[in-house]
Amino acid sequence: MKRLFPEKMTLSLTGAIRALFIAIFLILFAVVSAIVYLDRANIINTVSHDLVDSRARMLKQSVESYIDIPRQANATLANALQQYDSDNIPLNDVYTAMKNIMNNVYSGNTDLNLIQFGSKYGDYVGLSHKYQQHQEYLTLKDDSTQHVLTSFKGMTPLSGVAMRNEHYEMAQRPWFRTVNENRSPTWTQLYRDLNAGKELGIAYSSPAFNKKGEFIGVIASELHLVNLSEKLRLLKPFKNSVLLVVDDRNHIIASSQAFALTQGLGDEHSSFSVLQEGAKLLKNTAPSTVLKVNIGQRSYFLCHFAISSLSDGLNWKAAILIPAADVYHSVNLHEEFIVLVLLIVFILSLLLMHLLLARITSPLRDIARKTQQLESGKWSTGSGRYRFREIIELENGFSNLSYKLADSFERLRKEIEHDPATGLHTRQGLLKEQRIYNKRNLVALVHLTNAKSIMNTLGNKYADELVNAFLRQLQDQLPTDIIISRDNIDKFVIVFPGIHHEQEVQKYQQLLNSLFSSVKTEFATKESHFLFSGNSGMVMQDITPDSIIDILMHAWLALRHAEKQGNATTSLYSDEMLQSELSNIRLHESLSEAIARNELFLVLQPIVGKNEAHFCSAGECLIRWRSEQLGDIPPDSFIPIAEESGLIIPLGRWIIEEACRELAALIKRGAPKNFRLHINVSPVQLLHQGFAWHLMDTIQLQGLTNENICIEITENVLLSDKRQACEVLNYLRRHGILISLDDFGAGFSSLSYLHSLPFDSIKIDRQFVTDQLNDEKSLSIIHSVLVLAKGFNVPLIAEGVEKADMSERLMAMGCDQAQGYHFARPARFADWHCENDHFYYNHSDIRSERPQTGNVEAL
């Protein structure tokens, strides 16, 4: 292999990594040292300020969390009370909500001392915790206490009375009076608790409202600030640090020191003196600013912040005071420790890197030198002196790979180019077979249509036997020099020998068709016969490496054309097939946008009964497509494409919604309220999930009744899923929607299917009606269907009635209803004349559409 660079220009991986590591460390060390040396004082001050600021933030978060406890407790209780409609909630319910807050929300929390509620009608309930004694107390003032404030020894009135206060006026209490008057939350003034400890406390009061937004009372939660002082002591960053919380009158309400609270800042205590000097400097500075101050012979870092943002009218401030000497000492210790750790890490990393690189790169160089041996399959193993398991595994892996690579490539080629079940070429193998390019011009694509169903039913083994039996028959009946390949599970490509003409092609078509006959020869020792069903598509064109792909594509088009004609047919490719397929593609693309472009519309053709001379009460809904680009397109051209592509689902939904809307408008204009509209439904649409719900929802949305709709289905609906189809149809009939069996006689018309298929009417196929005057067989069929309809006790509807004598004869035979051009041509819903609960089908002003080939239905 040619080297990309000369040997003298390359560097070893070990040397490059080692040099890079040392260079980066030296550069970083030099930069850091220079910065520290040139601006050490500023760096220390910056780090010190950051340290003080971080401690201040921790203090701010702790104090704000503490202050927010009553707000959260009040909000939780207020939310529980807001679920009630009454403005006089039973105190027992309030007590239950309070107990849940105390025992669940604030379980084990020593900060919340009391939560209480006073109603606007003078009732009171409160729960207090004494965590030091692990006791809880209930206080009530209501009918049960004769409206005397009563404190109990426990959480229930049964625990005994601890105290009664007959002179307690809740309306005059600070926690109740202000909120009761203003309907807005507030904090009370600081107060001394009446207990033996005389603890300093504060309460937060807020209004409570019911579900209607009516004021129902006041909620208050109390805090004992001795807990806040304990929190400040735990937050002290250094031993000589001082943390204070003061109110809006500069009274100390909490401190990390054991000072007497509620004393002014002017006291003689040394910490107070420091704070007093700092307060003078803080007057002209923004909150959260870190200041360095000199007080006496010592320097301090001082920071304060407001905590009033968390409460309503509670203008407290917190301050932290740290001796500068303690901060500098901490910073210096960190600096020395970091330098020492970095130096140790560097030395150890350098040694470890050297050892690792030596043990990794050396065997990697040996492996890299031997990679060219992979091609020859003669990999020479190393000496096994490498300690790393991964290196040994890499060496063994390359050794095994070198011996297996050639075999793997060969097996892979065979798997790609040969079918293991039949031993035939695959498509890739066929394209590489040079014999097909030697004076050959005839290719057939054969589809064994029952192979997949047998595979799914009886398994792969039986399916392989079927395929091999089919291939033997191919080889027995076709020329000996044919080349067969397996294109996929059930398709085979046959390349015929020699140059052929159309006469010879017809002979091969007949031979291929004969393979799919119902009479088959017995296979080997099996007692049963293999029966083959399928089709073939043939292409006559000179086979070259450049044309083979197109030939196979054309063979697929010919096969598709043959399959549309039924079993045991073979089609020879023509350019019209390609044009037809391209036309279908264009139709599919245009159809997907036809609804959005308003190119689709519905027309109505009346269904006339025996005695309905001028007006009727039923009609069939038909779809029309007038494309701006393609012109008028008949339904039998685009409905099959919609069914095949899945577009029939959105198209069918649109037809149902539009038909119900048009029918509702028709009835509003004067048509009979019991007018029944027949809507054709595709088997794909019927079996789609949610079809029945969508149909009935649309009927209800348009103000119709289920009896206004009759869906028309063909016998082909049973070919997909008979059980599900019957379930859907029975469900619709139970809800009043009628079912009509359309095009009867055109399909299989099995009596067993008719016995299980639910329907309310039969529409005989138009081909029997059109020929009934001149064809005795058609008359016999019509007579038989009439007898069948009467046996099922359902009406018979004749389609395609175009002449008067035809109508008279059908009615005379017993036909109940008819439709066709004799009565009226299809026309838009808005063009029909309706008034006085009548639908006139023979009105002279109707603008019906021009005649088309056949009576094409909506689906």
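Residues numbered from 1 in each chain as written. Predicted model: local features only at pLDDT ≥ 70, side-chain atom pairs only at ≥ 80, totals over all residues. Heavy atoms only, no water.

Student: Report on the overall build of the protein chain, specifying residues and quantitative values.
Tutor: Within the protein chain, the secondary structure is distributed over 23 helices and 34 strands. Within the protein chain, the fraction of its 859 residues that count as buried is 44%. Sequence separation of at least 24 residues holds for 61% of the intrachain contacts in the protein chain that already meet a minimum separation of 6. In the form shown here, the protein chain has an accessible surface area of approximately 45500 Å², with 53% of it arising from carbon and sulfur atoms. (Helix = DSSP H or I, 4+ residues; strand = E, 2+ residues; numbered from the N terminus. Buried < 20%, exposed > 50% of the residue type's maximum accessible area, 1.4 Å probe, protein only. Contact = heavy atoms within 4.5 Å. Areas by Shrake-Rupley, 256 points an atom, 1.4 Å probe, with all protein chains shown as cover.)

Student: Please provide a residue-by-residue account of the pattern of salt bridges, values included.
Tutor: What the rule picks out here adds up to 22 salt bridges. As a salt-bridge pair, D85 and K211 come within 4.0 Å of each other at their nearest N and O atoms. With D85 in the loop between α2 (40-81) and α3 (91-105) and K211 in the loop between β8 (200-209) and β9 (215-224), this residue pair connects regions lying 126 residues apart in the sequence. Note on K211: relative accessible area 51%, which makes it exposed. Here the residues in one salt-bridge network are E620, E712, K763 and E799, joined through shared partners. (Salt bridge = Lys/Arg side-chain N within 4 Å of Asp/Glu carboxyl O.)

Student: Would you mind going over the pairing of strand β4 (residues 149-152) in detail, with residue names and values included?
Tutor: Looking along a regular strand, one sees side chains alternate from face to face of the sheet. Side-chain alternation along β4 places L149 and S151 on one buried face and T150 and F152 on a second face that is also buried. Alignment of strand β3 (residues 135-141) against β4, held across two bridges, turns out to be antiparallel. Bridging from a neighbouring strand, L140 pairs with T150 of β4. Across four bridges, β4 lies against strand β5 (residues 161-165) in antiparallel orientation. Paired with T150 across the strands is R164, a residue of β5. (Pairing = 2+ DSSP bridges.)

Student: Outline the side chain of S485, supporting the account with residue identities and numerical values.
Tutor: Following the sequence through the fold, S485 ends up in strand β17 (residues 483-486). With near-sequence residues (within four places) excluded, S485 lies in contact with L424, H425, T426, L430, K491, F492 and V493.

Student: Give a description of the sheet that holds strand β19 (residues 534-540) that names residues and reports values.
Tutor: Read from one edge to the other, the open sheet built from six strands follows the order β15-β17-β18-β16-β19-β20, with strand pairing classed as mixed. Looking at strand neighbours, the two that pair on one side only are β15 (425-426) and β20 (570-572), the edges of this open sheet. Relative to β19, strand β16 (residues 442-448) runs antiparallel, the two being bridged by seven bridges. Across the sheet, the residue bridging to H447 is N535, located in β19. Those strands touched by helix α13 (residues 548-563) are β16, β18 (491-496), β19 and β20, and its axis lies near 140 degrees from that of β19. (Axes fitted to C-alpha atoms, helices over the stretch in contact; angles between N-to-C directions.)

Student: Tell me what's going on with the confidence of the model for the protein chain, and back it up with residues and numbers.
Tutor: Regions with low pLDDT should not have their predicted coordinates read in detail. Looking at the protein chain, pLDDT values average 80 and 83% of them are 70 or higher. The least confident element of the protein chain is helix α6 (residues 270-282), whose mean pLDDT is 56; the most confident is strand β26 (residues 676-680), at 96. Contacts for the low-pLDDT stretch residues 1-9, under 50 throughout, to residues beyond four places or in other chains number two contacts. pLDDT under 50 marks residues 520-528. Its contacts with residues more than four places away, or in other chains, come to 19 contacts. (pLDDT = per-residue confidence, 0-100.)

Student: Can you tell me about the packing of aromatic side chains, naming the residues and giving the values?
Tutor: Describing an aromatic ring pair means giving the distance of the ring centres and the angle of the ring planes. Applying the stated rule across the entire model yields 15 aromatic pairs. Residues F470 and F516 carry aromatic rings whose centres are separated by 5.8 Å and whose planes lie at 25 degrees to one another, so their mutual orientation is stacked. Of this pair, F470 sits in helix α11 (residues 460-477) while F516 sits in the loop between α12 (502-515) and β19, and the two are 46 residues apart along the sequence. Judged by its relative accessible area of 4%, F516 is buried. Within the aromatic cluster, the residues linked to one another by ring pairs are Y124, Y168, W175 and F176. Lying across the ring of F215, R183 places its NZ or CZ 3.7 Å from the centre. (Phe/Tyr/Trp six-rings, centres within 6.5 Å; stacked < 30°, edge-to-face > 60°. Lys NZ or Arg CZ within 6 Å of the ring centre and 35° of its normal.)

Student: Please provide a residue-by-residue account of the sheet that holds strand β23 (residues 615-616), values included.
Tutor: Strand order in this open sheet of three strands is β23-β34-β33, and the pairing throughout is antiparallel. In this open sheet, the two strands that pair with only one neighbour each are β23 and β33 (833-835). In the sheet, β23 pairs with strand β34 (residues 838-840) via two bridges, with the strands oriented antiparallel. Residue pairing in the sheet places C616 in a bridge with F839 of β34.

Student: Mind laying out helix α23 (residues 804-813), listing which residues take part and the relevant values?
Tutor: Side chains of residues three or four places apart in an α-helix project in the same direction, reflecting 3.6 residues per turn. For α23, the full list of buried residues reads M806, S807, L810 and M811. Seen along its axis, α23 keeps its buried residues to an arc of 125 degrees; they face one direction. Away from its buried face by more than 90 degrees, α23 exposes E808 and A812. The secondary structure elements touched by the buried residues of α23 are β22 (608-609), α21 (766-770), α22 (776-792), β30 (796-798) and β31 (817-818). (Arc of directions from axis to C-beta.)

Student: Before we move on, could you go through the packing of α22 against α23 and cite the residues and values that matter?
Tutor: Where α22 meets α23, the axes come as close as 10 Å, and the angle between the chain directions of the two elements is 40 degrees. Relative to α23, the element α22 lies oblique. At the point where α22 passes α23, the crossing takes the right-handed sense. The residues of α23 that touch α22, namely those facing L779, I782, H783 and L786, are R809, L810 and M813. Partitioning the contact of α22 with α23 into residue classes produces five nonpolar, one polar and one charged. (Parallel < 35°, antiparallel > 145°, perpendicular 65-115°, else oblique. Left-handed = near helix turned anticlockwise from the far one by under 90°. Nonpolar A, V, L, I, M, F, W, Y, C, P; charged D, E, K, R; others polar.)

Student: Give me the lowdown on the pairing of β16, citing residues and values where you can.
Tutor: Burial analysis of β16 places seven of its seven residues in the buried class, the great majority of the element. Both faces of β16 are covered, namely the face carrying L442, A444, V446 and L448 and the face carrying V443, L445 and H447.

Student: How would you summarise the environment of I69 if you had to cite specific residues and measurements?
Tutor: Assignment of secondary structure puts I69 in helix α2. Remark: the alpha-carbon pair of I69 and D111, spanning 42 residues in sequence, is separated by 7.9 Å. Contacts of I69, omitting those with residues within four sequence positions, involve Y106, N109, D111, L112 and L223.

Student: Give me unusual backbone geometry: which residues, what numbers.
Tutor: Even without being a glycine, D743 presents a positive backbone phi close to 55 degrees. Relative to the helices and strands, D743 is located in strand β28 (residues 738-744). Accessibility expressed as a relative area gives 25% for D743, which makes it partly exposed.

Student: Explain the environment of T156 to me, and be specific about the residues and the numbers.
Tutor: Examined against the element boundaries, T156 turns out to sit in the loop between β4 and β5. Judged by relative accessible area, T156 falls into the partly exposed class, the value being 37%. A C-alpha to C-alpha distance of 10.0 Å links T156 and Y95, two positions 61 residues apart in sequence.

Student: Which residues make up α13, and what values do they have?
Tutor: Taking 1.5 Å of rise per residue, 16 residues should cover 22 Å, and α13 covers 22 Å from first to last C-alpha, within 8% of that figure. For α13, the complete set of buried residues consists of I548, I551, L552, H554, A555, L557, A558, L559, R560 and A562. (Expected span 1.5 Å × (residues − 1).)

Student: With reference to specific residues and values, describe the state of the cysteines.
Tutor: By definition, a disulfide is the covalent link that joins the sulfur atoms of two cysteine residues. The tally for this structure, following the rule as stated, stands at zero disulfides. For the unlinked cysteine C621, the closest cysteine sulfur is that of C660, found at 9.1 Å. Looking at C621, the relative accessible area reads 0%, which means it is buried. A relative accessible area of 0% means that C660 is categorised as buried. (Disulfide = S-S within 2.5 Å.)

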